[in-house]
Amino acid sequence: MDPRYEAVIGLEIHVQLLTASKIFSAAATRYGAEPNRQVSFVDAALPGTLPVLNREAVTAAIRFGLAVGGKIARSSRFARKHYFYPDLPKGYQISQYDQPIISGGGLTIRTDRGEKRIRLIRAHLEEDAGKSLHEDFHGMSGIDLNRAGTPLLEIVTAPDLSTPTEAALFARALHTLVRWIGICDGNLQEGSFRIDANVSVRPRGETRLGTRREIKNLNSFRFLEQAIAYEIDWQIEALTAGQTIEQATVLFDPHRGETRVMRSKEEAHDYRYFPDPDLLPLIIDEEWIEVERCQLPELPDALRARLIADHALPEADAHLLTSDKGLADFYLAAVACTGVSHAKSCANWLLVEILGRLHKENRSITEAPLTPQQLADLVLRIADGTISSAAGKRLLAAWWSGDPRSVDSLIADLDLAQMRDTALIDRLVAEAIAAHPKAVAEYRAGKEKALNTLVGAVMKASQGKANPQEVRDRLLAALIAEDSSPPLS
Amino acid sequence: MTLDADALDHLAHLARLALTPQERERMAEELVAVFTLLDRLAAVSTDGVEPMAHPLATMQPLRADIVAESDCRDALLALAPAAEAGLYLVPKVIE
Amino acid sequence: MTPLSSLSELLAALAQGKATAQSLVACAHARAKALQPTLNAFISLAEPEQSAAAARRADQRRAHGVEAPLLGIPIAHKDLFVTTDLPTTAASRMLLGYRSPFDATVVERLAAAGAIAIGKTNLDEFAMGSGNEHSFFGPARNPWDPTRVPGGSSGGSAAAVAAAIVPAATGTDTGGSVRQPAAHCGITGLKPTYGRVSRYGIIAYASSLDQAGLFARSAWDIALLLRQIAGHDPRDSTSVDCPVPDYPAILATLPPPRDRPLVGWRIGIVPSFLAADGVQSDILAALEAARRTYEQLGAAIVECTLPAAELAIPAYYIIAPAEASSNLARYDGVRYGHRTERYDDLFAMYCQSRAEGFGWEVKRRILIGTFVLSHGYYDAYYRKAQQVRRLVTDGYRSALEQCDLLLTPVTATTAWPIGAKANPVEEYLADLFTIGPSLAGLPALAHPIGFDAAGLPIGAQIIGRPFDEARLLAAAHIYQQATDWHRALPPLAHL
């Protein structure tokens, strides 16, 4: 990017709310049903039908408002946004316009250069449209209205983002948050989290905003980053070539890695918003907000800070653990069993061993075949020296494959307990020294690593049951003792 | 209110109404006459008057989040001018 | 063929075994058919076997001791209420052949009360009009003079009740569409408070104004019907959840006229209305007589002012078309309704389908509404009209603090000859007296109070406080016990 310019980026994100029924009708919102099987008379806008607002959609908006520290309007209202499109049955979308349910608030992102607060302008409730299917039906398009009426929360940021990376960081943080508070499943492929980006550039130092172009419908964080990067370069190139930027709506083509114009300003809609006369003002009282406030979980930022301060976790671990509610819940449940003094160990096992296995199997933490209690048992048995880490991995493998036995039964049945017989270990150490003269010579010559060969040999001889640290200590003691004995001749 | 041909065309476009040239002429005349009536409001002082969107001053009732509708696709598509494979059919939608 | 009696007379005859539902329904059916060429009151009629079967079931239920308040009574619905048994057109080519897969709440409730719908009545297309002249099926006609309009938009329902085809019919009232045809046809019509009756299943014209209404031959009969259709409906967010009084029981306890039952009631009159331009002298005279009657019945008359009342017309003709332009956007030829055969692409399909499907008046209102909501004009028109709506409403509300009811004309003239109102502005101005209560959402009732020199009926409008339909019905009932205007039938009713 040309250093003489800077980019100004704002995002608009459509979050599909996790309700059982639609925002204004009692039809189901389940994804993936056969076309038009989840369409009520209201959704199809049959003559005479009227909307009735789903309470749960409002609850979701309240939760979001609380989570981002926004202002929850005690009175908000719905408006009609008019345009003709075959997937929009009423010829208007019920949305909110001049009185959104949430205004203000913000979200903090962590960049290489430190924390940055991204302000939110508003978040409002609206209904989704259906889908146009562009396969060819003898020159016609097909319309599926299953999605029509699905509740959305449209979240609009202030133009506080300056780079594609920041935009992606923000989108990810928001994505984490909406799943964290349980209002969205966050499934990007299914369109549960759709991002539009408003991008403009201006000469560094200029205070007025440049003309913006809006990139529509980005459904991955990677595409978001790529599309904004492309768009910034394109706009700077245009400006340096002396052209002016025209306001436009563009689409990102991931195959070609570029944006193309979908609609210019001349074709811009005149949406003719006005208050929906079928819906009265939405009144939210203090009591309702308090109920939601009490039920809101500890938020990622607060938990992250607590994990660093109270659990003494490294920032990286705390960050990773708070990227997903399920992961955090699993971790906290395990630590609740072990006590905070074993927090680091719980985090290590969870983030390395368990997540590793889950990633390999493409499963989420909620699908882990292991309970937080089992993780805690494992961590405690290692900590008290009953088993080695290696044995811990065997325990984990057993539980992973569905073994129902308790930690102690498994240790006994699989003979995983660590060797505590010092005399036996000393004997094995002496045997190893005798059997590996080359390693001993190398060690004495100053090659520290050669010790590992000897440790390995003792561990093997103990069938993995010796404590590696103890073996190492005894080996060193033995080698020093040999050193100090007088030469034979 | 004045209404030139472009303005009327724009309105007809927004409202998706085709008008023949004769209809356009007659419509323009009638709209100008109607707006002579509507423009009477311009002279009314309404400073500080809160717009009234609705006769009811009550709040919106809310519905419990319960799925209470079953599949009625056949009934819906039976009403459609063109349908196939469970879909409404329309002239090609260009994205 | 003798005219069908009033609703309460028919109920009595059924209860006493002097009539059967089958005979009543057959009679209503035959009268509807016989008068159709003259009145064009119906857009569709049930198949005779269909309604006969329903009547037979009603008679069986009665024989088995089943009690339902309207069991076996033939009625008609304005063809703006969606019905599963009969087609629903809104008098538009757009919905020709449309069959709703569900019933309007009002239709459902009247059916549950035992009423039998024999047909769907004519109206102005999508309820847009004051004379029932803007119907795809041709104008409905006034039973008192078939060369004249029955009023609109619920003209067919008013004509059918006035001609004693059915004892009662539903209507809808947005700016006067029940009260005005009731007045023109010499019957009683009620527009309840906005929110009193569910709008679910009423094809929307202007959602913040539309309200289901009723036609019958007396306030008493309206009370019986309102009791059945009023009340909260979870499918309509604007239907209000407040108790529905037992209207017939309230009327039954009123003292007789000789006891001056209206003592203590204050009835307001609006001198500026009576002095308005173009109010027919016969109407002024009839209204004066009605005022005296109310006075004789005990009411105190107070003079009220409605300062912003004349602004109601321009405000209404901004708000109603704005909402209509939005409500009618769904008619796009995609999911139901008319689709043109002449199109090259999606845009042309929209424009041409709507051009072919909608009539002229509808198109004009859609364009007016589109304009007043469009970018750059919203504040000057739509927002301004909403502010004026508040001024008008405040005027009515404060007048109703000084009195219990307002007594006004319904119309400035009696029914006009079909085709006489050539320009839209003239037609719009005719709504002066009915539009105010619509903007304010107030309940209002029209009842007959006499005839003009040409023998055409004249009505009076009484306007009440929100949700105070009981008082309107009581006043009209007392008036009707003391007078006979509501008993008059057009000669044509005696086939």
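What you see is a predicted model, and the numbers here were worked out from it, not measured in a lab. What you see as residue numbers is a count from 1 along each chain, following the sequence as written. The naming scheme follows written order: chains are lettered A onward, ligands numbered 1 onward. Restriction of local features to residues with pLDDT of at least 70 applies here, the model being predicted, together with a cutoff of 80 or more for giving and counting side-chain atom pairs; totals for whole chains, interfaces and linings are based on all residues. Note that the side-chain values use all heavy atoms of the structure and ignore hydrogens as well as water.

## Comments concerning the nonpolar core
Thought 1: For our purposes a nonpolar core is just a set of buried Ala, Val, Leu, Ile, Met, Phe, Trp, Tyr and Cys residues, chained together by side-chain atoms within 4.5 Å. Relative accessible area decides the class of each residue, using a 1.4 Å probe on protein chains only: under 20% of the type maximum gives buried, over 50% gives exposed, and in between gives partly exposed. By size, the foremost hydrophobic cluster in this structure holds 206 residues, and its most contacted members are Phe 126 and Leu 367 of chain C.
Thought 2: Helix and strand assignments follow DSSP, with helices taken as H or I runs no shorter than four residues and strands as E runs no shorter than two, numbered in order from the N terminus. Broken down by element, this core gets its largest block of residues, 10 residues, from helix α11 (residues 312-327) of chain C.
Thought 3: Any pair of residues with heavy atoms lying within 4.5 Å of one another is described as a contacting pair. What Leu 367 of chain C contacts, discounting residues up to four positions off in sequence, is Leu 8, Leu 11, Ala 12, Ala 15, Leu 17, Leu 19, Met 27 and Leu 31 of chain B.
Thought 4: Ile 62, Ile 215, Ile 365 and Ala 398 of chain A belong to the second largest nonpolar core, which has 104 residues in total.

## Description of the domain arrangement of chain A
Thought 1: Partitioning chain A into domains gives domain 1 (5-286), domain 2 (298-413) and domain 3 (422-484).
Thought 2: A domain assignment, automatic or from a database, supplies the domain bounds used here. Placing a centre on the C-alpha atoms of domain 1 of chain A and another on those of domain 3 of chain A gives a separation of 65 Å.

## Overview of the environment of Ala 19 of chain C
Residues and elements named next belong to chain C.
Thought 1: Take Ala 19: it is sitting in the loop between α1 (7-15) and α2 (21-39).
Thought 2: Ala 19 gets classed as buried once you look at its relative accessible area, which sits at 16%.
Thought 3: Each C-alpha atom, one on Ala 19 and one on Ala 275, is 49 Å from the other, the two residues being 256 residues apart in sequence.
Thought 4: The contacts of Ala 19, once residues within four sequence positions are left out, are Ala 13, Leu 14 and Leu 24.

## Here we look at helix α7 (residues 325-338) of chain A
Residue and element names in this part refer to chain A.
Thought 1: Each helix should span, by expectation, one fewer than its residue count multiplied by 1.5 Å. Between its first and last C-alpha, α7 extends 20 Å over 14 residues, near the 20 Å set by a 1.5 Å rise per residue.
Thought 2: For α7, the full list of buried residues reads Gly 326, Leu 327, Ala 328, Phe 330, Tyr 331, Ala 334, Val 335 and Thr 338.
Thought 3: Between N or O atoms, a polar contact is any pair within 3.5 Å; within protein, one atom must be a potential hydrogen donor and the other a potential acceptor, and residues adjacent in sequence are included only when both atoms are from side chains. Two to three positions downstream of the cap, the backbone nitrogen of Gly 326 sits 2.9 Å from a side-chain oxygen, assigning the N-cap of α7 to Asp 324.
Thought 4: With its phi angle positive at about 90°, Gly 339 sits one or two positions after the end of α7.

## A few points about the pattern of salt bridges
Thought 1: For this analysis, a salt bridge means a side-chain nitrogen from Lys or Arg found within 4 Å of a carboxyl oxygen belonging to Asp or Glu. For the coordinates displayed, the defined rule picks out 63 salt bridges over all chains.
Thought 2: Close ionic contact of Arg 80 of chain A with Asp 278 of chain A constitutes a salt bridge, the shortest N to O distance being 2.9 Å. Of this pair, Arg 80 of chain A sits in strand β4 (residues 79-82) while Asp 278 of chain A is found in the loop between β16 (274-275) and β17 (282-283), placing the two residues 198 residues apart along the sequence. Comparing Arg 80 of chain A with Asp 278 of chain A shows no difference in burial state: the two are buried.
Thought 3: Connected through salt bridges with shared partners, the residues Arg 80, Asp 276 and Asp 278 of chain A together with Arg 199 and Asp 236 of chain C form a single ionic network.

## Some thoughts on the interface of chain A and chain B
Thought 1: Each side of the interface is counted separately: chain A has 54 residues, and chain B has 39 residues.
Thought 2: We define buried area as the total accessible area lost by two parts upon association, computed with a 1.4 Å probe and summed across both. Summed over both partners, the interface of chain A with chain B comes to about 3,900 Å²; 60% of that surface belongs to carbon and sulfur atoms.
Thought 3: Among the residues of chain A in contact with chain B, Ala 26, Arg 37 and Leu 280 of chain A are the three that bury the most area, contributing 17% of the side total.
Thought 4: Joining chain A to chain B, the criterion identifies 2 salt bridges.
Thought 5: Its salt-bridge partner being Arg 37 of chain A, residue Asp 71 of chain B comes within 2.8 Å of it at the nearest N-O pair.
Thought 6: In this structure, the connection of chain A to chain B is made through 21 residue pairs in polar contact (both at pLDDT 80 or more).
Thought 7: Elements represented by at least two residues in the side of chain A that touches chain B include exactly α1 (55-67), β9 (131-137), β10 (140-144) and β17 of chain A.
Thought 8: If you tally residues by element for the side of chain A that touches chain B, the top one is β9 of chain A, at 6 residues.
Thought 9: Residues of the side of chain A that touches chain B, tallied by class, amount to 31 nonpolar, 12 polar and 11 charged.
Thought 10: Two strands are said to pair when DSSP picks up at least two bridges between them. Here 4 bridges tie β10 of chain A to strand β2 (residues 87-91) of chain B, and the two strands are oriented antiparallel to one another. For this classification, Asp, Glu, Lys and Arg are treated as charged, while Ala, Val, Leu, Ile, Met, Phe, Trp, Tyr, Cys and Pro are nonpolar and the rest, including Gly, are polar.

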